[in-house]
Amino acid sequence: MTGEDRRGGSPQSVTRVIRLLEALCASNEAVSLADLSRRLATPKSSLAALLRGLADEDLVVSTDGAWRLGPGAFGLGSALTEARRRLHSSDLIREGMRRLCERTGETVLLMVGDHEGDMVTYVDLVESRNVVRYSVAIGDRRPFYATAGGRALLATCSPEAVTSYLKRVALERMARSTEIKPAALAQAVEQARQDGYAQTVDQAADGVTGTASVIRDAAGGVVGALVVAAPSERAQGRLDELARLVVDEAAAISRSLGFR
């Protein structure tokens with residue numbers, strides 16, 4: 001074990017404990033020290049020391065030279081499940097939205113889809129403190145194709161479902177540069193599928209840039225789209241930064257909801 005690891009509570013040792021427990025959670029059988037070392041790209045000596053400490057707390061047990069979760073881990077898991085039940089998902093999402101607003105300085109929205117009505121609805125927001133900012137009312141609705149959140153949600157659907165949507169929806173301009181060509185929109189949705197986020201400039205409204213990534217729950221279901229909405233003039237020059245921040249925060253919120 002390195003000197004850094006030996007210092008109690010070092011970030012590196014805490015991270016290794018988490019990754020070690022996750023590896024054991026993901027395995028249906030006991031895992032050897034050598035296999036854990038390969039999976040985690042960590043020296044066996046470091047892992048052995050961590051495993052001994054976890055075994056002292058009954059979080060792991062050794063069986064025939066291999067390791068599995070112990071009774072302490074299941075007790076801890078039950079306690080965490082109960083804590084998660086008390087801390088509602090909406091609180092976790094709201095906390096993430098506040099973080100993203102602080103990091104970007106822009107308005108952050110949560111958007112959900114209504115596939116039967118082919119519309120998305122804003123269900124929560126944390127407003128930017130900037131004097132010039134994007135403003136929208138909770139409950140406002142927009143078409144999927146014209147918004148970053150809508151395109152991010154469409155990207156979770158099959159290509160066939162996207163094609164069906166683009167055939168039946170009435171594509172109308174909401175701003176001067178709104179894209180209404182089905183082929184171009186299908187390509188934009190496919191790009192969002194590949195990138196893990198969608199970004200629109202002056203599509204749902206003139207002068208507004210949206211960047212969105214989806215939030216998922218423990219079962220992998222789509223909760224909604226996390227959106228940063230900014231004045232296009234201010235967003236230019238930081239499109240990549242906004243995309244990175246939105247993707248990172250959507251992933252962090254999803255993890256807090258149990259998605260792995």
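Residues numbered from 1 in each chain as written. Predicted model: local features only at pLDDT ≥ 70, side-chain atom pairs only at ≥ 80, totals over all residues. Heavy atoms only, no water.

**Focus: the environment of Ser-135**
We apply this condition: Every helix listed is a DSSP run of H or I at least four residues long, and every strand listed is a run of E at least two residues long, numbered separately from the N terminus. Relative accessibility under 20% of the residue-type maximum defines a buried residue, over 50% an exposed one, and the middle range a partly exposed one, all with a 1.4 Å probe and only protein chains included. Distance and chemistry together define a polar contact, namely a pair of N or O atoms within 3.5 Å, with one atom able to donate a hydrogen and the other to accept it when in protein, and with adjacent residues in sequence counting only for side-chain atoms on both sides.
Tracing the chain through its elements places Ser-135 in the loop between β5 (119–126) and β6 (141–143). Given a relative accessible area of 52%, Ser-135 falls into the exposed group. Once the C-alpha coordinates of Ser-135 and Arg-173 are considered, the two residues, 38 residues apart in sequence, prove to be 20 Å apart. Separated by 3.4 Å, the side chains of Ser-135 and Glu-127 make a polar contact.

**Digging into unusual backbone geometry**
The backbone phi angle of Ala-41 is positive, close to 50 degrees, even though this residue is not glycine. We note that Asp-64 has phi near 50 degrees; this positive angle belongs to a residue other than glycine. Considering the arrangement of structural elements, one finds Asp-64 in the loop between β2 (60–63) and β3 (66–69). What makes Asp-64 exposed here is its relative accessible area of 82%.

**Comments concerning the pairing of β5**
Quick note on the threshold: A pair of strands counts as paired when DSSP detects no fewer than two bridges linking them.
Burial within β5 is extensive, with 6 of its 8 residues counted as buried. Pairing geometry for β5 and β6, over 3 bridges, is antiparallel. Within β6, the position partnered with Val-120 by the bridge is Arg-142.

**Quick word on the nonpolar core**
For the record, the criterion: To define a nonpolar core, start from buried Ala, Val, Leu, Ile, Met, Phe, Trp, Tyr and Cys residues and group those joined through side-chain atoms within 4.5 Å. Here, residues are in contact when the closest pair of their heavy atoms is within 4.5 Å.
With 31 residues, the main nonpolar core has Leu-109, Tyr-134, Tyr-145 and Tyr-165 as its most contacted residues. Residue assignment for this core shows that the elements contributing at least two residues are β4 (107–114), β5, α7 (148–154), α8 (159–168), α9 (182–195), β8 (208–216) and β9 (222–231). If you tally residues by element for this core, the top one is α7, at 4 residues. Beyond its immediate sequence surroundings of up to four residues, Tyr-165 is in contact with Asp-118, Pro-143, Phe-144, Tyr-145 and Leu-154. Within the second largest apolar cluster, 19 residues are counted, among which are Ile-215, Leu-226, Ile-253 and Leu-257.

**What about the layout of surface pockets?**
The criterion, for reference: Definitions used throughout: a 1 Å grid over protein atoms alone; a cavity as a set of points that fits a 1.4 Å probe which cannot get out; a pocket as an open set with protein on both sides within 12 Å along at least five of seven lines; a lining residue as one with an atom within 4 Å of a point. Grid points are joined across faces, edges and corners, and a volume is the space filled by probe spheres set on the points. Lys, Arg, Asp and Glu make up the charged group, whereas Ala, Val, Leu, Ile, Met, Phe, Trp, Tyr, Cys and Pro make up the nonpolar group; the residues left over, Gly among them, are polar.
Here the second largest pocket defines a volume of roughly 170 Å³. In terms of lining, the second largest pocket is formed by Arg-98, Cys-101, Glu-102, Gly-105, Val-126, Glu-127, Ser-128, Arg-129 and Asn-130. Taken together, the residues that form the lining of the second largest pocket break down as 2 nonpolar, 3 polar and 4 charged.

**Details of the packing of helix α3 (residues 33–40) against helix α4 (residues 44–56)**
Counted only if it meets this: Axes, fitted as lines to C-alpha atoms, cover a helix only where it is in contact. Angles between the N-to-C directions of the axes lie from 0 to 180 degrees. Each angle gets one of four labels, with under 35 degrees taken as roughly parallel, over 145 as roughly antiparallel, 65 to 115 as roughly perpendicular, and the rest as oblique. By convention the crossing between two helices is left-handed if the near helix lies anticlockwise of the far one by an angle smaller than a right angle, and right-handed if it lies clockwise.
Packing of α3 against α4 brings their axes to within 9 Å, and their N-to-C directions diverge by 115 degrees. As summarised for this structure, α3 and α4 are arranged roughly perpendicular, according to the angle between their axes. The way α3 lies across α4 gives a crossing that is right-handed. On α4, the residues that touch Leu-33, Ala-34, Leu-36, Ser-37 and Leu-40 of α3 are Lys-44, Leu-47, Ala-48 and Leu-51. Looking at the contact of α3 with α4 residue by residue, the class counts come to 7 nonpolar, 1 polar and 1 charged.

**Describing the sheet that holds β2**
Sheets are built from strands that pair by backbone hydrogen bonding, the pairs being arranged parallel or antiparallel. Read across the open sheet, the 3 strands follow the order β1-β3-β2; overall the sheet is antiparallel. Edge positions in the open sheet fall to β1 (31–32) and β2, since each of these has one partner strand only. As paired strands, β1 and β3 are joined by 2 bridges and run antiparallel to one another. Within β3, the position partnered with Val-31 by the bridge is Trp-67.

**Section: the sheet that holds β6**
The strand order across the open sheet formed by 6 strands is β6-β5-β4-β9-β8-β7, and the pairing between neighbours is antiparallel. For this open sheet the edge positions go to β6 and β7 (198–201), each flanked by a neighbour on one side alone. The mean angle between the axes of side-by-side strands here comes to 30 degrees, regardless of whether they run parallel or antiparallel. Both β7 and β8 contribute to a ladder of 4 bridges, which runs antiparallel. Note that in β8 the partner of Thr-200 across the bridge is Gly-210. Together, β4, β5, β8 and β9 form the strand contacts of helix α6 (residues 89–104), whose direction differs from that of β5 by roughly 75 degrees.

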